[in-house]
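Structure at a glance
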Amino acid sequence: MAEWRNWSQSVVARPDMIARPQTEPKLRQLVRNARKVRVFGAGHSFMPLCETDGLLLDLSALEGEIEVARDRNSVWAPAGMSLAKLTERLWMLGLSLANQGDVNPQSLAGAIATGTHGTGETLGSLSTFALGFRIVTADGEVVECDATREPDLFQAARVSLGLLGVMTRIRISVVPAFHLRQRLFGAPIGEVRERLDEWAAANRHVEFFQFPYSDLAMVKILDTAPAPDGDTTVITDIDERAFRFACEFSRNLPFAIPLLQRLMARIGGAVSESIGPAWQVYPSDRTIPFEEMEYEVPRAVGLDTLKAAIDHIRRRGLPVTFPFEFRITAGDDIWLSPFNRGPCASVSMHQYGPMDWKTPFAAIEPIFRAAGGRPHWAKRHTLSAQDVYELYPRAADFERVRAAIDPGAKFANQHMSELFNIFPRSRIAA
Ligand SMILES: Cc1cc2nc3c(=O)[nH]c(=O)nc-3n(C[C@H](O)[C@H](O)[C@H](O)COP(=O)(O)OP(=O)(O)OC[C@H]3O[C@@H](n4cnc5c(N)ncnc54)[C@H](O)[C@@H]3O)c2cc1C
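Residues numbered from 1 in each chain as written. Predicted model: local features only at pLDDT ≥ 70, side-chain atom pairs only at ≥ 80, totals over all residues.

Here we come to the sheet that holds strand S16 (residues 272-277). Where strands meet in a sheet, backbone hydrogen bonds hold them as pairs that are either parallel or antiparallel. As summarised here, the arrangement of the 8 strands in space is S16-S13-S15-S14-S18-S19-S17-S20, forming an open sheet in which the pairing is antiparallel. Both outer strands of the open sheet, S16 and strand S20 (374-375), are each paired with one neighbouring strand and no more. As defined by bridge partners, strand S14 (residues 205-210) adjoins strand S15 (residues 216-225) across 5 bridges and the pair is classed as antiparallel. Across the sheet, residue histidine 205 finds its bridge partner in S15, namely leucine 222. The sheet strands contacting helix H7 (residues 257-268) are strand S13 (179-188), S14 and S15, and the helix crosses S15 at an angle near 20 degrees. Each of S14, strand S17 (290-298), strand S18 (324-329) and strand S19 (344-352) is contacted by helix H9 (residues 302-316), which is oriented at about 25 degrees to S19, the strand it contacts most. (Pairing = 2+ DSSP bridges. Helix = DSSP H or I, 4+ residues; strand = E, 2+ residues; numbered from the N terminus. Contact = placed C-beta atoms within 7 Å. Axes fitted to C-alpha atoms, helices over the stretch in contact; angles between N-to-C directions.)

The following block contains the structure:
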């Protein structure tokens, strides 16, 4: 029996087999013959999305090229390709993704499966860029869908958590390649609260980080810029070396956390400016292990929700070492997207991996839920099936499409079955 772990090492899977097929016929044969199947990309999800005791698939070696549409507004790309490789190749073709998240090792399919997003008032998640899918289904057949061919399957596939089949190719929208100017600076949280809407309206992307025990926020603003003359060096948003030291120090001496965080916020709030190709500016280094819980709350209550979470941590003196991250995302119309009821604020709580994350997350999750929040599917949450069907009016439509394409629930693992009340059709009949 093989062993697999996710990026944060908190999810362990013991599949019968891990396979890395290089061709679609081989992949189809593997899926057809398997009892249970899950796929992993970079394993960046904190929830047990990729966990299985059956076949675990890695699509990173599956053959395939990037095909650019004649109008250059979209491309078909291999689903298992990492965003790092994809965006670099797009750049060489004179193209960019319109937005990206914090990091880029994720696979295209993995990022889209969970509604991975960046920040930007007018920009949706990566799932909103998906225009078509090529999927290997439970019986090893291939189906393609888009807004006009198999439209219900397409709707479900835009955020699918890997429940419909194995995506082998994805068509995504792209834009002409662009450069970004990144500005980093510190600001008192009171000023951020006052000026966030103004910054968001005036700039392509805005986000900020706030340590729970500091009132100084680290603001990051990105905007399109002309290509600079000569070479560029993109400055990373968090100094990982100093921060790693601070995390270890905090773990051993938790009483020092408030003092350290006020110091880290000053270092992190140093003013800097750099310009670079968008595909290089979007991703940052994230090498320090952490666990994360993120809720998408209505934009209007985002700042108050963050404040309530931080007040609660301070009141209880909870040892939380990482900063909160606050981003904004446009609404969409995707059945399982947490953003499908309008503009949202994404409030992310992180904890240093080696420290207890369950206690602080459990203390703050009710605050996120009370604000009407829906969790990021890939990040820590404790939703039940009842919660899912209450929070997502279209979850029943998703489940109808899923049950039609995978009646034996080959692609559902334990977590998925609990989340959506999935039972293989044979068990219902019995
Ligand atoms: C350091 C770090 C930074 C992050 N930053 C952000 C961020 O800025 N914004 C954000 O929104 N999220 C962020 N995340 C979360 C991350 O983007 C999601 O967990 C994403 O799903 C990970 O992609 P992956 O390729 O690692 O997929 P995995 O975690 O490996 O898998 C995710 C899901 O996709 C499915 N899947 C993967 N490939 C396929 C396929 N070919 N066919 C069908 N299903 C498939 C899996 O079965 C699973 O259900 C971050 C996570 C980490 C660890």
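All right, on to the sheet that holds strand S7 (residues 74-78) then. Across the sheet, 5 strands lie side by side as S6-S7-S11-S9-S10; this open sheet has antiparallel pairing. At either end of the open sheet lies a strand with only one pairing partner, and these are strand S6 (67-68) and strand S10 (142-146). Sheet topology places strand S9 (residues 130-136) next to strand S11 (residues 166-173); 6 bridges connect them, and they run antiparallel. Among the inter-strand pairings, glycine 132 is bridged to a residue of S11, identified as arginine 171. Contacts from helix H1 (residues 24-33) reach S9 and S11, with the element oriented near 130 degrees to S11.

So, about the pairing of S10. Where S9 meets S10, 5 bridges bridge the pair, whose relative direction is antiparallel. Its bridge partner lying in S10, phenylalanine 133 is registered against cysteine 145. Hairpin connection between S9 and S10: a loop of 5 residues separates the two successive antiparallel strands, and glycine 140 in this loop has a positive phi of roughly 85 degrees.

Now for H9. Compared with the 21 Å implied by 1.5 Å per residue over 15 residues, the 22 Å span of H9 between its first and last C-alpha is a close match. When H9 is considered as a whole, its buried residues turn out to be Gly302, Thr305, Leu306, Ala309, Ile310 and Ile313. One side of H9 holds all its buried residues, which, seen down the axis, span an arc of 130 degrees. Away from its buried face by more than 90 degrees, H9 exposes Asp311 and Arg315. (Expected span 1.5 Å × (residues − 1). Buried ≥ 20, exposed ≤ 12 C-beta atoms within 10 Å, placed from the backbone. Arc of directions from axis to C-beta.)

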